[in-house]
Amino acid sequence: MIEFRGAGPAEFTERLDTVIDIYTAAMNPPPEQIAGRKTIMRNHGTYPHFQCYFAELRDPTGVARPRIVGFAYGFRGATGQWWHDVVSRALADEAGEEAAHAWMGHAFELAEIHVHPDHQGKGVGRAMIRTLCAGRAERSAVLSTHDRPTAARHLYASMGFADLLTRFVFPGGHEEYAIVGRPLPLD
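The following paragraphs examine the structure supplied in this document. Every value quoted in this text rests on a predicted model; they were computed, and no experiment measured them.

All right, on to the side chain of Glu112 then. Take Glu112: it is sitting in strand E4 (residues 107-115). For Glu112, a relative accessible area of 6% corresponds to the buried category. Within polar-contact distance, the side chain of Glu112 engages the side chain of Arg37 at 2.8 Å. Other than its neighbours up to four places away in sequence, Glu112 contacts Tyr23, Arg37, Met41, Phe71, Ala72 and Tyr73.

As enumerated under the stated definition, the model contains nine aromatic pairs in all. Ring geometry for Phe12 against Tyr73: centres 4.8 Å apart, planes inclined by 65°, an arrangement best described as edge-to-face. On the criterion of sequence distance, the pair formed by Phe12 in helix H1 (residues 9-14) and Tyr73 in strand E3 (residues 67-76) is long-range, its members being 61 residues apart. Of the two residues, Phe12 and Tyr73, both sit in the buried class. Look at Phe168 and Phe170: their rings are 4.9 Å apart centre to centre, the planes differ by 85°, and that puts the pair in the edge-to-face class. Grouping residues by exposure puts Phe168 and Phe170 together as buried. Here the aromatic residues Phe12, Phe50, Phe71 and Tyr73 are joined through ring pairs into a cluster of three or more.

Glancing now at the sheet that holds strand E5 (residues 140-146). Overall, mixed pairing links the seven strands, which are arranged E1-E2-E3-E4-E5-E7-E6 in an open sheet. The sheet is open, and its two edges are formed by strand E1 (2-7) and strand E6 (162-168), each paired on a single side. On average, each strand axis in the sheet is tilted by 20° relative to the strand beside it, whichever way the strands run. The pairing of E3 with E4 spans seven bridges and is antiparallel. Along E4, the bridge assignment pairs Gly74 with Leu110. On top of the sheet, helix H5 (residues 97-104) reaches E4, E5, E6 and strand E7 (177-183); it is set at about 100° to E5, its chief contact. Sheet strands in contact with helix H6 (residues 124-133) are E1, strand E2 (51-57), E3, E4 and E5, and its direction is about 150° off that of E4.

Reading guide: rules and limits
Residues numbered from 1 in each chain as written. Predicted model: local features only at pLDDT ≥ 70, side-chain atom pairs only at ≥ 80, totals over all residues. Heavy atoms only, no water. Helix = DSSP H or I, 4+ residues; strand = E, 2+ residues; numbered from the N terminus. Buried < 20%, exposed > 50% of the residue type's maximum accessible area, 1.4 Å probe, protein only. Polar contact = N/O pair within 3.5 Å; in protein donor to acceptor, adjacent residues only side chain to side chain. Contact = heavy atoms within 4.5 Å. Phe/Tyr/Trp six-rings, centres within 6.5 Å; stacked < 30°, edge-to-face > 60°. Pairing = 2+ DSSP bridges. Axes fitted to C-alpha atoms, helices over the stretch in contact; angles between N-to-C directions.

Below you can see the structure in the form of structure tokens.
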């Protein structure tokens, strides 16, 4: 049985190797990107109102320690954070300052949501998003995802996330992303 357990910044940092293993299994990034991704994730743990949940597979006998099979985390976006600043600027250029402020001015940024491939397609990602967003004080939830027909893109759309920007390329990158958002609370 899979259960969700909250973790603060200290435990998140302690479990970073496990987090990176799940991220790598789910995303299959080039090996040279792993160290940088780990540094980014470690830094995210220092952001305001950071919140993380682990999806843990429990041993029905209670003998073995629960095994982390997924994780999701986010934080309140703020000026001075790279992703927040880049997306806010692009959204203002595309839709105007008022729209950018409405979506990004008091937003919960879902930074990472990953489930080990052995456990994908079973509702774990959806449940983690709902758990992570429950009770948040922010007025919106925002995230970026590859702008192609992936399972993640379908999941976000099915949960009411709307496209804010499409075919967006982050500075220094080459892949196209969609920036999506939805008002909080989740239904």
